Amino acid sequence: MTDDLRDLLRSTFRWTDLGPGTDYMVSDRSGWWRDPRILNGLGPALAGLFPAERPTVVVSPEVTGFMVGPLVARALGVGFVEAYRAGARRAIAEPMIWADIPADHRGEAQRLGIRQNLVGDADRALVVDDWAATGAQARGLRGLLGAAYVGTAVIVDECPPVVSAELGIRSLLTGTDLDP
Ligand SMILES: O=P(O)(O)OC[C@H]1O[C@H](OP(=O)(O)OP(=O)(O)O)[C@H](O)[C@@H]1O
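Quick look at the structure, then. Since this is a predicted model, take the numbers as computed values, not measurements.

Quick notes on the environment of M25
For step 1, the next point in the chain: Following the sequence through the fold, M25 ends up in strand β2 (residues 25-28).
For step 2, the next point in the chain: Sequence-wise, M25 and D177 are 152 residues apart; in three dimensions their C-alpha atoms are separated by 16 Å.
For step 3, the next point in the chain: Apart from the residues lying within four places of it in its own chain, the contact partners of M25 are W15, T16, D17 and P180.

Shown next, in the form of structure tokens:
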């Protein structure tokens, strides 16, 4: 099942060439969300990366995490918490706790925040996202969640192995699986 899903993820992913004047390719992940077989399998497959940890809540950063996280929460039978990017929208009205992220894969500083009453001392929080590039989101959310953090499940992990090991990042694919 997971091997079939990995094949589907590879075959529906594209790199988009931005054309002359740049050697930069951008990832097109839209084929993943367009395929009902992937939507059906993604939650259980990502949840299955952490079978022993028995998460009690899933936490995901906006914006793509807001699509993937609930699929995993549904598969685990637990709830979902949004981690908002400061400045991406109007301020959240409820009390928040924030983590500073010095630099993400674009070299940009960010702040990620969750409503402070949604994750408690007894929780085991699994971070879920589509992609880990430098591990910045995972590191920020680990700092935010403290002892509740059990690890990060992503579709693609491009981090150096030492970073993935340190942050407890597990994935369905690595960067080389999607080499252009
Ligand atoms: O490991 P990191 O260096 O933290 O990078 C990973 C982040 O990069 C992407 O976000 P991006 O802002 O590119 O896209 P999104 O808005 O679609 O989530 C991805 O969704 C992760 O959240």
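Some words on the packing of helix α3 (residues 36-47) against helix α4 (residues 65-76)
For step 1, the next point in the chain: Across the interface, α3 lies against α4 with an axial gap of 8 Å and an inter-helix angle of 70°. Regarding the angle of α3 to α4, the classification is roughly perpendicular. Handedness of the crossing formed by α3 with α4: right-handed. Between α3 and α4, the residues in contact are L39, L42, G43, P44, L46 and A47 and V68, L71, V72, A75 and L76, respectively.
For step 2, the next point in the chain: Considered class by class, the residues forming the contact of α3 with α4 number ten nonpolar, one polar and no charged.

A look at the site of the ligand
For step 1, the next point in the chain: Taken together, 16 residues form the shell around the ligand, and within it T64, D129, D130, A133 and T134 come nearest.
For step 2, the next point in the chain: R85 has a polar side-chain atom sitting 2.9 Å from an oxygen atom of the ligand.
For step 3, the next point in the chain: Backbone polar atom of A136 to an oxygen atom of the ligand: 3.4 Å apart, as the coordinates give it.
For step 4, the next point in the chain: Here the ligand, which alone exposes 500 Å², has 90% of that area covered by the protein.
For step 5, the next point in the chain: Of all the elements, strand β7 (residues 125-132) adds the most residues to the shell around the ligand, at four residues.
For step 6, the next point in the chain: Here the residues of the shell around the ligand sort into five nonpolar, five polar and six charged.

What counts and what doesn't
Residues numbered from 1 in each chain as written. Predicted model: local features only at pLDDT ≥ 70, side-chain atom pairs only at ≥ 80, totals over all residues. Heavy atoms only, no water. Helix = DSSP H or I, 4+ residues; strand = E, 2+ residues; numbered from the N terminus. Contact = heavy atoms within 4.5 Å. Axes fitted to C-alpha atoms, helices over the stretch in contact; angles between N-to-C directions. Parallel < 35°, antiparallel > 145°, perpendicular 65-115°, else oblique. Left-handed = near helix turned anticlockwise from the far one by under 90°. Nonpolar A, V, L, I, M, F, W, Y, C, P; charged D, E, K, R; others polar. Near = heavy atom within 4 Å. Polar contact = N/O pair within 3.5 Å; in protein donor to acceptor, adjacent residues only side chain to side chain. Areas by Shrake-Rupley, 256 points an atom, 1.4 Å probe, with all protein chains shown as cover.

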